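Working through the structure, step by step
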Amino acid sequence: MTMKKIIYTIGVLSLLSLSINCKKDENLNKEIVGLGGDTWKQGTLDEWLYTNFTQPFNMSVKYRWDGAEYDVSKTLTPPKMEMVQPLMEMVKGVWIDPYIAESNIDFIRKYGPKNYILVGSLQYNAGGTVTLGEAEGGVKVTLFNVNNFSKTNRDVSQRVLKTIHHEFTHILNQNISYQKEFPLVTPAGYTADWNNTSLTNANNAGFISQYAQASPIEDFAEMASIMLTEGKSSYDAIVNGVVSIKLDSIPNPASPPFIIAREMPNTVAQTALRKKEQMVIAYFKSSYGIEFSRLQNRVNYGLAENAPSNLATLFGNGKKYTSISVDPNNTPGMSADFMTTWATAKTGLAAVGGAGRVLDNFVVFFYPRAGELILRVNYTNSAGSQLIANFAYKVTYDANNQLTLTYLRRDANADAVASGLVALTNYLSSSSFAVDWRYDASFLEFGRWTKVSNPNSSFFGTLGVIKY
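Residues numbered from 1 in each chain as written. Predicted model: local features only at pLDDT ≥ 70, side-chain atom pairs only at ≥ 80, totals over all residues. Heavy atoms only, no water.

A word on the environment of leucine 375
Counted only if it meets this: Only DSSP runs of H or I covering at least 4 residues are called helices, and only runs of E covering at least 2 are called strands; the numbering of each starts at the N terminus. Three exposure classes are used, based on accessible area relative to the maximum for each residue type with a 1.4 Å probe and protein chains only: buried under 20%, partly exposed in between, and exposed over 50%. The contact rule is simple, with two residues in contact once any of their heavy atoms fall within 4.5 Å.
Within the secondary structure, leucine 375 sits in strand β11 (residues 372-380). Look at leucine 375 and you get buried, because its relative accessible area is 0%. In the structure, leucine 375 is positioned 13 residues away from isoleucine 388 in sequence and 9.9 Å away in space, judged by C-alpha atoms. Dropping the residues within four chain positions of it, leucine 375 is found in contact with Phe362, Val363, Val364, Ala389, Asn390, Phe391, Tyr393, Leu424, Thr425 and Leu428.

Right, dumping it as structure tokens:
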């Protein structure tokens, strides 16, 4: 039986040999049916992608379904065509353009991925996690969840851009590695169980996000991408808002002591985050000659231009921002009307008691007591000591989130200098204010208060968060 099989095989080979020898004149250059690749008529979208990505950057954007590009073990859906151009406009405006402005077009040509693969759905993984993006060998980036993209939704747009900057940071790290000291900042915090950690716990362990705890390389990419897409003010607010809960035992003579919870700055975690932040900044400068702060400003401005957010909904008690620090002496660009008020207040304070006090700056922030806001005036006395004066106001809002301040009370220092600061305190209580964003020539972001009664009168400052 075995011999018959061998003979049969040889016989078949002989026939094949004869067949080949008898057809020496066959045309071997003709197209093989079925192996010519996919073809389709180029439409308006394809022409736009070619003009904006392929032609200038040698970068393809693949949105038509190709099973060879995906993990066959996952259930995925194709992207909707109407989502592709708005998404890629965001990619160009908030990723490519800022890098070109701070480097050059060759930077994107050299380091940018050559292929963008778009997937309509999320990629669900074992363990309950989802994949928003993948970078493969610095050549291909896959973006998932395209069908849920909304250019007008700031949160959605920010998540997409954060994914893109995260994956591009991986590509940069594959070309030049980040500092070997980076993993040593929070070495005990890395865990494969990161998805079961809350954001609060991750922050208090010195990580900017839960996913940052997955590994040092993800930590670095999370730091860079969040710093870029949050912008300086928002990123600082995140870090400064990292707190731990301190339990205070308050004695009561009439009964046993009782316990209250109080938020306290977690200085250990904040220090770790700031150290990682400085390493990211140094890496971009030393490895690629990029000033990270300028790149950060441009990315944040590009995001604001493409997906605006309403500061009035983000500023207030218990919100993303709780304070605005205003320094008219050192920040050009305040309105002429406000600067007249500021000059009058400076002269008035210096004249109080003939003590020669110097008006430095002020902070407007929300007090934990609901509906209250504090004007904290910072000044220097004749001896050179820095002092503060606090004025409390009641805050009310109208249907347009415009706020009105009504004077309530002041502290002892404010009592002593109030007569000299009338111009400033009256300015704040004489009109309602609209709250919005302001960007300077370097695209640095500020919060701005503008008088509703006089749109040409406004002041602006650095947004922040104050915890108690």
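So that's the structure; there's more coming.
Some thoughts on empty space enclosed by the protein
Put simply, the test is: Cavities and pockets were defined on a 1 Å grid built from protein atoms only: a cavity is a group of points that admits a 1.4 Å probe but offers it no way out, a pocket is an open group of points flanked by protein on both sides within 12 Å along at least five of seven lines, and a lining residue is one with an atom within 4 Å of any such point. Grid points are joined across faces, edges and corners, and a volume is the space filled by probe spheres set on the points.
A full pass over the atoms with the stated rule returns 1 cavity of 30 Å³ or more. What the largest cavity holds in volume is close to 40 Å³. The wall of the largest cavity is formed by Gly231, Lys232, Ser233, Gln296, Asn297, Asn300, Phe443, Leu444 and Glu445. For the lining of the largest cavity, the secondary-structure elements that each account for two or more residues are α7 (216-240) and α9 (292-306).

Here we look at the side chain of serine 309
Threshold: Two N or O atoms form a polar contact when they lie within 3.5 Å of each other; inside protein one atom must be a possible hydrogen donor and the other a possible acceptor, and for residues adjacent in sequence the pair counts only when both atoms belong to side chains.
Within the secondary structure, serine 309 sits in the loop between α9 and β9 (323-326). Polar side-chain contacts of serine 309 include one of 3.3 Å to the side chain of arginine 154. If near-sequence neighbours (up to four positions away) are discounted, serine 309 is found in contact with Arg154, Leu314 and Trp437.

Details of the pairing of strand β2 (residues 115-118)
Spelled out, the test is: Only when DSSP finds a minimum of two bridges between them are two strands counted as paired.
As paired strands, strand β1 (residues 60-62) and β2 are joined by 3 bridges and run parallel to one another. Looking at β2, one finds that valine 61 is bridged to tyrosine 116. In terms of strand pairing, β2 meets strand β6 (residues 140-143) through 4 bridges, oriented parallel. The partner of leucine 118 across the bridge, within β6, is leucine 143.

With respect to the nonpolar core
Rule in force here: By nonpolar core is meant a set of buried Ala, Val, Leu, Ile, Met, Phe, Trp, Tyr and Cys residues that side-chain atoms within 4.5 Å join together.
Within the largest apolar cluster, 65 residues are counted, with the highest numbers of intra-cluster contacts made by Met88, Trp95, Tyr99, Tyr116 and Phe284. No other element matches helix α3 (residues 81-102), which puts 10 residues into this core. Leave out the neighbours within four places in its chain, and methionine 88 touches Trp48, Leu49, Phe53, Val61, Tyr116 and Leu118. Judged by nonpolar contacts, the second largest core, of 41 residues, contains Tyr321, Val364, Leu424 and Trp449.

Remarks on helix α10 (residues 336-351)
Selection rule: Expected span, for any helix, means 1.5 Å times one less than how many residues it has.
Taking 1.5 Å of rise per residue, the 16 residues of α10 would be expected to cover 22 Å, and the 23 Å separating its terminal C-alpha atoms lies within 8% of that figure. Check the buried side of α10 and you find it contacts β10 (358-366), β11, α11 (412-417), α12 (422-429) and β16 (458-464).

Looking at the pattern of salt bridges
In plain terms, the rule: Throughout this description, the term salt bridge denotes a Lys or Arg side-chain nitrogen within 4 Å of a carboxyl oxygen of Asp or Glu.
This structure, assessed with the given rule, holds 20 salt bridges. Between aspartate 219 and lysine 276 there is a salt bridge; the shortest N-O distance is 2.8 Å. Of this pair, aspartate 219 sits in helix α7 while lysine 276 sits in helix α8 (residues 267-288), placing them 57 residues apart in sequence. By the burial criterion, aspartate 219 is buried, and lysine 276 matches it. The salt bridge partner of arginine 409 is glutamate 372, with a shortest N-O separation of 2.7 Å. In this pair, arginine 409 sits in strand β13 (residues 403-410) while glutamate 372 sits in strand β11, placing the two residues 37 residues apart along the sequence. Its relative accessible area of 34% is what places arginine 409 among the partly exposed residues. Look at glutamate 372 and you get buried, because its relative accessible area is 8%. The network of salt bridges with common partners includes Lys62, Asp66, Glu69 and Lys140.

Remarks on the confidence of the model for the chain
Do not read the fine detail of predicted coordinates wherever pLDDT is low. Here is the rule we go by: Per residue, pLDDT measures the predictor's confidence, with a range of 0 to 100.
With 87% of its residues at a pLDDT of 70 or more, the chain shows a mean pLDDT of 87. Within the model, pLDDT remains below 50 along residues 1-23, and this stretch shows 0 contacts once partners closer than five positions in the same chain are excluded. Note on residues 32-36: pLDDT is under 50 here. Beyond four places in sequence and across chains, it has 1 contact.

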